[in-house]
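# Structure at a glance
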Amino acid sequence: MQNLVLYREKHSQINKKITYYKKLGINGILISPFDYIDEKILEEIFASNDLLSKNDIKLFLQIDIEKTSKILLDNLGKIDWSKPKIRKSFYQFINYLKKYGINGFYFTNFEKLFFDNFYDYLKELSKNTFVGKNVITIGQISSDDLNYQKFLSNENYNNFDYIFNKIIESQNFESLIDAKKYFSRIYKQNIRQIFITDNAFKGFTNKKNFPFLSHSLTAGLSFLLKGGIFLENFEELGIFENNSYVNDHKVLNLTNKTFDFYKDLINIKTKNKAISNGTYREIFKDDPDIFAFVRTYENQKVIVFANFSQKEVLADIRFHFIDINDFKYLLGNYGKRRIVKNLLLRPFEFIVFVK
């Protein structure tokens, strides 16, 4: 499932915002509900899940494995995961949630907990909780080890469906080429990641002087790469860092523009087969300013261009495609235009063509 668009939300807001979620087009909601566990909390969660399911939105629960185990056992001390009783209690709780329709889980705080026998504990966790109809699991990690990431998320190992790697959001690449190489290695290993849009690419933009173009560039690129997307902090409303607007009209225009852009991105992410299921092929690998790639599924193709420069950059695409005339405009942060053999990309331009 490459088309997951997961929206972090407060549990108390779900009933109030169901119309908003449908308008935006997301297909997943993530909540962090467990500071304590009682019958009332569980009933509220099950009711929220029923409401979201009726609107084709999947509910994900963020589960801090160590914290949840302490709550279940009424234990404020250190959790020793080597004890079968502790592990069994946790598995029983997850399966109880599954019994009542919860099948989306975002697991955190397990790397240190499993440290003394990591692979066996993960295998046991997977065997006892990950199986089941429509169950989707995400594991939050912090690692730059690609073999480790592959083990956790590659479908051949039956572990997590996705990983969210916190290192990527703070990683500082020396150049755009280095960033492109990193993502290329991820795809070669078939690592299934879920990304935030405010990621390593932001270091190659200028949000202060180009707020919408910079934000839409990194968002657009992140959405159309292989993997899921994580939305948070009302980013779809154009709330940017270092935003100096004081004019209400400008703020409203920026909010509406960004929201419409995100709606279009989410629609492409969830409904275009080349994006949700397609292969990935990078072009212009050695270009210091352009990140471009092709997503392909059967006869469908999507070409994505992103210019990470404050200057205009010419992309000569004559030798990359023999079917260039078959492509048409799909989305961009400057507006509609035609694809041509020598494509002039404007400062921080993001543009997508489809066949």
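Our structure's up above, just so we're on the same page.
The paragraphs below set out a description of the structure included in this document. Since the structure is predicted, the reported quantities are computational estimates derived from the model, not experimental observations.

Definitions and limits used
Residues numbered from 1 in each chain as written. Predicted model: local features only at pLDDT ≥ 70, side-chain atom pairs only at ≥ 80, totals over all residues. Heavy atoms only, no water. Helix = DSSP H or I, 4+ residues; strand = E, 2+ residues; numbered from the N terminus. Rg over C-alpha atoms; globule rule 2.2 N^0.38 Å. Buried < 20%, exposed > 50% of the residue type's maximum accessible area, 1.4 Å probe, protein only. Contact = heavy atoms within 4.5 Å. Pairing = 2+ DSSP bridges. Axes fitted to C-alpha atoms, helices over the stretch in contact; angles between N-to-C directions. Expected span 1.5 Å × (residues − 1). Phe/Tyr/Trp six-rings, centres within 6.5 Å; stacked < 30°, edge-to-face > 60°. Core = buried A, V, L, I, M, F, W, Y, C linked by side-chain atoms within 4.5 Å. Salt bridge = Lys/Arg side-chain N within 4 Å of Asp/Glu carboxyl O. Polar contact = N/O pair within 3.5 Å; in protein donor to acceptor, adjacent residues only side chain to side chain.

On to the overall build of the protein chain, then. Secondary structure summary: the protein chain contains 11 helices and 15 strands in total. Relative to the globule expectation of 20 Å for 355 residues, the C-alpha radius of gyration of the protein chain, 21 Å, shows essentially globular dimensions. Its C-alpha atoms give the protein chain principal-axis dimensions of about 65 × 45 × 35 Å. Expressed as a percentage of its 355 residues, the buried residues of the protein chain come to 54%. The contacts in the protein chain between residues at least 6 apart in sequence include a share of 68% that link residues at least 24 apart.

It is worth spelling out the sheet that holds strand E11 (residues 300-307) at this point. Ordered in space as E9-E10-E11-E15-E13, the five strands form an open sheet in which the pairing is antiparallel. Only two strands of the sheet have a single neighbouring strand rather than two, namely strand E9 (279-283) and strand E13 (328-332). When the angles between neighbouring strand axes are averaged without regard to direction, this sheet yields 20°. Sheet topology note: the strand E10 (residues 290-297)/E11 ladder contains eight bridges and is antiparallel. Bridge pairing in E11 links phenylalanine 291 to alanine 306. Contacting E9 and E10, helix H8 (residues 176-188) runs over the sheet at an angle of about 20° to E10. Against the sheet, helix H9 (residues 211-224) touches E10, E11 and strand E15 (350-354), its axis set at about 35° to E15.

Right, let's get into H9. With 14 residues, H9 should reach 20 Å at 1.5 Å per residue; the first-to-last C-alpha distance of 20 Å fits that figure. The element H9 is largely enclosed, with a buried count of 14 among its 14 residues.

Read across the open sheet, the eight strands follow the order E6-E5-E4-E3-E2-E1-E8-E7; overall the sheet is parallel. In the strand order of this sheet, the two ends are held by strand E6 (162-165) and strand E7 (194-196), each with one partner. Geometrically, the sheet is characterised by an average inter-axis angle of 25° between neighbouring strands, direction not taken into account.

Glancing now at the pairing of strand E14 (residues 342-345). Burial of E14 is one-sided: the residues Leu343 and Leu345 facing one way are buried, the residues Asn342 and Leu344 facing the other way are not. Summarising the sheet, strand E12 (residues 313-316) and E14 pair through four bridges and their orientation is antiparallel. Bridge pairing in E14 places leucine 314 opposite leucine 344.

Under the criterion given, the structure shown has 43 aromatic pairs. A centroid spacing of 5.8 Å and a plane angle of 65° characterise the contact between phenylalanine 114 and tyrosine 121, whose relative ring orientation is edge-to-face. An identical accessibility class is assigned to phenylalanine 114 and tyrosine 121; each is buried. Ring geometry for phenylalanine 183 against phenylalanine 195: centres 5.6 Å apart, planes inclined by 50°, an arrangement best described as tilted. Of this pair, phenylalanine 183 sits in helix H8 while phenylalanine 195 sits in strand E7, and the two are 12 residues apart along the sequence. For the residue pair phenylalanine 183 and phenylalanine 195, the accessibility class agrees, reading buried in each case.

This part is about the nonpolar core. Ranked by size, the top nonpolar core spans 90 residues in total, and within it Ile29, Trp81, Phe107 and Leu224 carry the most contacts. When sequence neighbours within four positions are dropped, the list of residues in contact with phenylalanine 107 reads Ile63, Ile65, Phe90, Ile94, Phe130, Thr137, Ile138, Gly139, Gln140 and Phe160. Val313, Ala315, Phe321 and Leu345 belong to the second largest nonpolar core, which has 19 residues in total.

What follows concerns the environment of isoleucine 317. With respect to the helices and strands, isoleucine 317 occurs in the loop between E12 and E13. Residues isoleucine 317 and lysine 207, spaced 110 residues apart in sequence, show a C-alpha to C-alpha distance of 28 Å. If sequence neighbours within four positions are ignored, isoleucine 317 has contacts with Phe284, Phe305, Ile324, Ile339, Val340 and Lys341.

The subject of this paragraph is the pattern of salt bridges. Enumeration over the complete set of coordinates arrives at 12 salt bridges. Notably, a salt bridge pairs aspartate 35 with lysine 67, separated by 2.9 Å at the nearest N-O pair. Linking aspartate 35 in the loop between strand E2 (28-31) and helix H2 (39-54) with lysine 67 in helix H3 (residues 65-73), this pair joins segments that are 32 residues apart in sequence. The partner of aspartate 289 in a salt bridge is lysine 311, and the shortest N-O contact between them spans 3.3 Å.

Residue aspartate 56 is not a glycine yet carries a positive backbone phi of 60°. Residue aspartate 56 is classed as exposed on the basis of its relative accessible area, which comes to 67%. A positive phi angle, near 55°, is found at asparagine 190, a position not held by glycine. Structurally, the position occupied by asparagine 190 is in the loop between H8 and E7. The class for asparagine 190 is partly exposed, based on a relative accessible area of 44%.

A few words now on helix H6 (residues 146-153). Most of H6 is tucked away: six of the eight residues are buried. Those residues of H6 lying buried are Leu146, Tyr148, Gln149, Phe151, Leu152 and Ser153. Looking at the buried positions of H6, the neighbouring elements they touch are helix H5 (118-130), strand E5 (136-141), E6 and H8. The N-capping residue of H6, defined by a side-chain oxygen 2.9 Å from the backbone nitrogen of asparagine 147, is aspartate 145.

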